[in-house]
Amino acid sequence: MSRQPDSGSSVEEAESILERLAATALDDDYYAAHDSPPRPVAKVLTAVMAGVFGLLVTVAAVQTRNDRPSTEAERDALIENIRVREDLVESKQETVVGLQQQIADLQAESVVDGPGTIGLRIAAGAVAVEGPGVVITVKSSANEDRPDGRITDTDLQLVVNGLWLAGAEAVSVGGHRLTATSAIRSAGEAITVNYRSVIEPIVIEAIGDEDVLRSRWEEGPSGRYLAARAEADGVTFDVRGSDDVELGTAPEARLSVSAEPLRRSES
């Protein structure tokens, strides 16, 4: 008759096996390694590594400290350069203000009438003038079959140049005051003076000694040319003296300011 195993002894055997496994889970050499002191080689390597790390930290600190003065010097130099440039700009601005004031003063002096400026302003057409002079009226031929009988811009240019040559002080064409920058041109079938059209009959007025101006113009090349044009092509013109010729100012666009100022004589 067989015996049933004792359940109590089986449990005890299982517990005994578990205790032995737990006790021998790690190798005995593991405990031996931890219990023994580190070898000399390990100590040397640890010391070397610690020394190298410390050296690196020291070098980095020294390099940072050495680079700081250089960086600060560059920063100070940049700030100083900015200050110098700001002072330079401020100085230039003061110079500009001073020059602008000088220009304003010179312009104010230039418009003051005086013995030396009246004649210049009249010649420039900057002021209206009146006085004795001559009036010349020109007109194209009434005969339309004569193509050369039309007054041209060249005719007017020659008449005006003849008046200047005869001693005219101021001249206008069709009511437009002439200056050194005026233009007498053709624009299609029209004639323009100072870029404005004039219509016939065209009246040319000049200020000057009435008798002298008239005789010089008629006897000069301009008067002879217009007389020949009248005979050959049928244009008409009339010249008369006047005691009261009035000429207005030239257009603002024709009053140019010279880039080089007039210098007063020191004598």
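As a starting point, this report considers the structure included with it. (Residues numbered from 1 in each chain as written. Predicted model: local features only at pLDDT ≥ 70, side-chain atom pairs only at ≥ 80, totals over all residues. Heavy atoms only, no water.)

1. A short note on the sheet that holds strand β5 (residues 190-193)
Within the open sheet, the three strands sit side by side as β4-β5-β6. Their pairing is antiparallel. Strands with a single pairing partner mark the edges of an open sheet, and in this sheet they are β4 (184-187) and β6 (196-198). For this sheet, the mean inter-axis angle between neighbouring strands, taken without regard to orientation, is 45°. In the sheet, β5 pairs with β6 via three bridges, with the strands oriented antiparallel. By the bridge assignment, Val-193 is partnered in β6 with Arg-196. (Pairing = 2+ DSSP bridges. Helix = DSSP H or I, 4+ residues; strand = E, 2+ residues; numbered from the N terminus. Axes fitted to C-alpha atoms, helices over the stretch in contact; angles between N-to-C directions.)

2. Digging into the environment of Glu-219
Looking at where Glu-219 falls in the secondary structure, it is placed in helix α6 (residues 210-219). Put simply, Glu-219 and Ala-166 are 53 residues apart on the chain and 9.4 Å apart in space, counted from C-alpha to C-alpha.

3. A short note on the sheet that holds strand β1 (residues 129-139)
With respect to topology, five strands assemble into an open sheet ordered β3-β2-β7-β1-β8, the strand pairing being antiparallel. Where the open sheet ends on each side, the last strands, each with one partner, are β3 (176-177) and β8 (236-247). Two strands pair when backbone bridges link them, and strand β2 (residues 170-173) and strand β7 (residues 202-207) are joined in this way by four bridges, in the antiparallel orientation. Paired with Val-171 across the two strands is Ala-206, which belongs to β7. With respect to the sheet, α6 is in contact with β1, β7 and β8, its orientation differing from that of β8 by roughly 155°. (Contact = heavy atoms within 4.5 Å.)

4. Some thoughts on the pairing of β2
Alternating positions in β2 separate into two faces, Ala-170 and Ser-172 on one and Val-171 and Val-173 on the other, with burial throughout. Where β2 lies against β3, two bridges are found, and the strand directions are antiparallel. By the bridge assignment, Val-173 is partnered in β3 with His-176. (Buried < 20%, exposed > 50% of the residue type's maximum accessible area, 1.4 Å probe, protein only.)

5. As for a nonpolar patch on the surface
On the surface, Val-48, Val-52 and Leu-56 cluster together into a nonpolar patch covering about 260 Å² of accessible area. If you trace the backbone, Val-48 turns up in helix α3 (residues 40-110). (Patch = residues over 30% accessible without salt bridge, like charges linked within 9 Å, V, L, I, M, F, W, Y side chains within 5 Å. Areas by Shrake-Rupley, 256 points an atom, 1.4 Å probe, with all protein chains shown as cover. Salt bridge = Lys/Arg side-chain N within 4 Å of Asp/Glu carboxyl O.)

6. Description of the nonpolar core
In this structure, Leu-156, Leu-163 and Ile-204 are the most contacted members of the largest nonpolar core, which totals 25 residues. Secondary structure elements with two or more residues in this core: β1, α5 (153-166), β2, β5, β7 and α6. In terms of residue count, the dominant contributor to this core is α5 (five residues). Those residues in contact with Leu-156 that sit more than four places away from it in its chain are Val-138, Ile-151, Val-173, Ile-184, Ile-191, Ile-202 and Ile-204. (Core = buried A, V, L, I, M, F, W, Y, C linked by side-chain atoms within 4.5 Å.)

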